[in-house]
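Overview (structure and organization)
So the chains spell out like this:
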Amino acid sequence: MERARWTSRTIFLFAAIGSAVGLGNVWRFPYLAGRYGGGAFLVPYLIMLVILGVPLLILEFAIGQKMQLGATGSFGRIKHKLSSIGFGAILCGFGVCSYYAVVMAWCLLYLIFSFSLKWGVDTEGFFLNQILHLSPQSLDMGQVVTPILFSLVVVWMAVYFSIWKGIKSVSKVVTVTMPLPIILLVVLAIRGVTLPGSLEGIVHYLKPNFSALLDLEVWHAAASQIFFTLSIAFGIMIAYASYKHERSDIAKSAIITSIVNSAISIVAGFVVFATLGYMAKQEGVQVSNYISQISGPSLTFIVFPKILSLIPFASAFSVLFFVMLFTLAIDSAFSLVEAVCTVVSDKYPHLRRQDVSMYVCVTGFVAGMIFTTYAGLYYLDVADHYITHYGLLFVGLLEAIAIGWLYGVEELRLYINSVSEIRIGRWWNVLIKYIIPVILMVLLAYTFIKDINTPYGGYPQKILWIYGWGILVVIGLISYLLAHFSAPKR
Ligand code: TRP
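Owing to the predicted nature of the structure, the values given are computational and were not obtained by experimental measurement.

Describing the overall build of the chain
- Of regular secondary structure, the chain possesses 20 helices and 0 strands.
- The C-alpha atoms of the chain give a radius of gyration of 22 Å, which matches the 23 Å a tight globule of 490 residues would have.
- Its C-alpha atoms give the chain principal-axis dimensions of roughly 65 × 45 × 45 Å.
- Out of the 490 residues belonging to the chain, those deemed buried represent 60%.

Here it is as structure tokens:
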């Protein structure tokens, strides 16, 4: 059977950028920048982008396009056992997707609340108690929160209909879901920087604190952000590239994707800090007061609703904000489902695409139900920490080793140069073979030691061992077994 194809190169770029640009750009990046040295965070971020991000994105595009297969098939072609790298990638991605969809479900609820600004004055109490029913300090799941569960069903239906016919549907959907949120983000940025007090916030965002650069933790945060934001080590970019023609450009597409993605993160930083500056002015406090509060979900669901209700036309801007978040996130979510479907369809080409997509979406929904319980936010936090801090970097490490030491970097580089509009030099070989593996090993060892000494997030060690490490061990074991027992593809 003919392999499905992107309708044009632009559409491929739309899809790749759509996957890269997501919640990671709007809440994860600004929060990291605020926490790790303001403008100085841009230094490790950009260095990691150049040293890790771009070379690995080129690698993923190249291998998918060359092998014309998804993540497991591509690595399996090199050596059958290496298909476990692909399984590891899609399982990590699947883990991320299962909680990412829950965050999207919150977005959807907040979109509805926007019409009446239902969160009121106490946005924190509203989010934690009325929406999440968060159990204080206890990891007791209690029960499932019904509105979130319903919202999650809607999210997965939206994801399903975006990809149900594979690349054909994706090609159509991304023409809307890639540009729309970017336009909305720009509107919000203009609104943000024209608010009184915004300058204060922006200064806080850009003013560098260079002493942060001496802390290895900052570098680790930058590296895992690069993996997360570029959708590297999820098998996504490999799957997307496998639907390109074998002789289409690689290097330039990777560079465009990386630049657009980081530019959007930086703009999102302006939106967040400009509006924080405004809120600080309204409440007569320093911007730095908020920094500890803006981590992760609280930024989007506690601080933003509060700010949004302060500005004129509150309801309209709230709707805009949550539509932006939702459309921003959806192409990241379905890119992962597409990565899993690609792997399944490569292996079982006779299965109908609609059915494969359905199985994957239903499994994703079921896997995410734990995050809709009373303790959902805690489990989400732990899953996110272990997958993004260990899983991704580890898969990235294996990818670099597989290509650098087993497949042959030079061979892949020659292929890339034979099709690309931009040539890449031998520096790429050195990065893939030596520098990237060394950096990743150092960072992995560093976090490991830190996590052993101080339990992440102050959760009980027992839970972290069972649940956090448990996820990683299960992913590793399943990947190994699937590669071990599946028959090599001829
Ligand atoms: N790149 C996305 C972002 O920045 C995150 C992401 C990567 C993701 N892989 C994913 C989300 C898989 C869901 C599923 O937000």
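What about the packing of aromatic side chains?
- Tallying each qualifying case throughout the model produces 37 aromatic pairs.
- Summarising the aromatic geometry, the rings of Tyr110 and Trp119 are spaced 5.6 Å apart at their centres and angled 15 degrees between planes, so their arrangement reads as stacked.
- Considering the side-chain rings of Tyr110 and Phe127, the 6.2 Å spacing of their centres and the 65 degrees angle between planes classify their relative orientation as edge-to-face. Here Tyr110 is found in helix α5 (residues 83–114), whereas its partner Phe127 is found in helix α6 (residues 123–131), with 17 residues between them in sequence.
- Owing to a relative accessible area of 0%, Tyr110 belongs among the buried residues under this scheme.
- The class for Phe127 is buried, based on a relative accessible area of 1%.
- Counting every residue linked through ring pairs, the aromatic cluster contains Trp106, Tyr110, Phe113, Trp119, Phe126, Phe127, Phe301, Phe304, Phe321 and Phe322.

A short note on a nonpolar patch on the surface
- The grouping of Ile401, Trp405, Leu406, Val430, Tyr434 and Ile435 at the surface amounts to a nonpolar patch, some 550 Å² of accessible area in total.
- When residues of the nonpolar patch are traced back to their parent elements, those giving at least two are α18 (376–419) and α19 (427–453).
- Locating Ile435 in the fold gives a position in helix α19.

Digging into the site of the ligand
- Taken together, 15 residues sit near the ligand, with Ala20, Leu23, Gly24, Tyr100 and Phe228 positioned nearest.
- Within the backbone of Leu23, a nitrogen or oxygen atom sits 3.1 Å from an oxygen atom of the ligand.
- Notes on the ligand: free accessible area 360 Å², of which the protein chains cover 100%.
- With respect to the pocket detection grid, the ligand is positioned in the largest cavity.
- A total of 3 residues in the shell around the ligand trace back to one element, the largest contributor, which is helix α2 (residues 23–35).
- Looking at the shell around the ligand, its residues break down into 8 nonpolar, 7 polar and no charged.

Details of unusual backbone geometry
- Its identity is not glycine, yet His133 carries a phi of approximately 55 degrees, on the positive side.
- With respect to the helices, strands and loops of the structure, His133 is situated in the loop between α6 and α7 (146–163).
- The exposure class of His133 is partly exposed, given its relative accessible area of 35%.
- A positive phi angle, near 70 degrees, is found at Ala233, a position not held by glycine.
- Relative to the assigned elements, Ala233 resides in the loop between α11 (216–229) and α12 (236–241).
- With relative accessibility at 0%, the residue Ala233 sits in the buried group.

Looking at the environment of Gly125
- Structurally, Gly125 is set in helix α6.
- Separated by 177 residues in the primary sequence, Gly125 and Ile302 have C-alpha atoms spaced 8.7 Å apart.

Some points on empty space enclosed by the protein
- Following the criterion strictly, the structure yields 5 cavities of 30 Å³ or more and no others.
- The space that makes up the largest cavity amounts to roughly 160 Å³.
- Residue lining of the largest cavity: 17 residues in total, with Val96, Tyr100, Ser231, Phe234 and Ser332 positioned closest to the centre.
- Within the residue set of the lining of the largest cavity, elements represented by two or more residues are α1 (9–20), α2, α5 and α16 (314–347).
- For the lining of the largest cavity, the element with the most residues is α5, which contributes 4 residues.
- Residues belonging to the lining of the largest cavity are distributed by class as follows: 10 nonpolar, 7 polar and no charged.
- Taken as a whole, the second largest cavity spans an internal volume of roughly 60 Å³.
- Along its surface, the second largest cavity is lined by Leu188, Arg191, Gly192, Leu195, Val271, Thr275, Phe304, Leu308, Ile311 and Phe321.

Structural notes on the pattern of salt bridges
- Inspection of the entire model under this criterion finds 10 salt bridges.
- The partner of Asp346 in a salt bridge is Arg3, and the shortest N-O contact between them spans 3.1 Å. Of the two residues, Asp346 sits in helix α16 while Arg3 sits in the segment before α1, which places them 343 residues apart along the sequence. Arg3 carries the same exposure label as Asp346, and that label is buried.
- Each of Arg9, Asp249, Lys252 and Glu421 takes part in salt bridges that share partners, so that together they form one network.

Thoughts on the packing of α1 against helix α8 (residues 167–177)
- The contact between α1 and α8 brings their axes to 9 Å, and the two run at 70 degrees. Between α1 and α8, the angle falls in the class roughly perpendicular. Residues Ile11, Phe14 and Ala15 of α1 form the contact with α8, whose participating residues are Val170, Ser171, Val174 and Thr175.
- Tallied by class, the residues present in the contact of α1 with α8 amount to 5 nonpolar, 2 polar and no charged.

Cut-offs applied
Residues numbered from 1 in each chain as written. Predicted model: local features only at pLDDT ≥ 70, side-chain atom pairs only at ≥ 80, totals over all residues. Heavy atoms only, no water. Helix = DSSP H or I, 4+ residues; strand = E, 2+ residues; numbered from the N terminus. Rg over C-alpha atoms; globule rule 2.2 N^0.38 Å. Buried < 20%, exposed > 50% of the residue type's maximum accessible area, 1.4 Å probe, protein only. Phe/Tyr/Trp six-rings, centres within 6.5 Å; stacked < 30°, edge-to-face > 60°. Patch = residues over 30% accessible without salt bridge, like charges linked within 9 Å, V, L, I, M, F, W, Y side chains within 5 Å. Areas by Shrake-Rupley, 256 points an atom, 1.4 Å probe, with all protein chains shown as cover. Salt bridge = Lys/Arg side-chain N within 4 Å of Asp/Glu carboxyl O. Near = heavy atom within 4 Å. Polar contact = N/O pair within 3.5 Å; in protein donor to acceptor, adjacent residues only side chain to side chain. 1 Å grid on protein atoms, 1.4 Å probe; cavity = no way out; pocket = protein on both sides within 12 Å on 5 of 7 lines; lining within 4 Å. Sits in = over half its atoms within 2 Å of the grid points. Nonpolar A, V, L, I, M, F, W, Y, C, P; charged D, E, K, R; others polar. Points joined across faces, edges and corners; volume = space filled by probe spheres on them. Axes fitted to C-alpha atoms, helices over the stretch in contact; angles between N-to-C directions. Parallel < 35°, antiparallel > 145°, perpendicular 65-115°, else oblique. Contact = heavy atoms within 4.5 Å.

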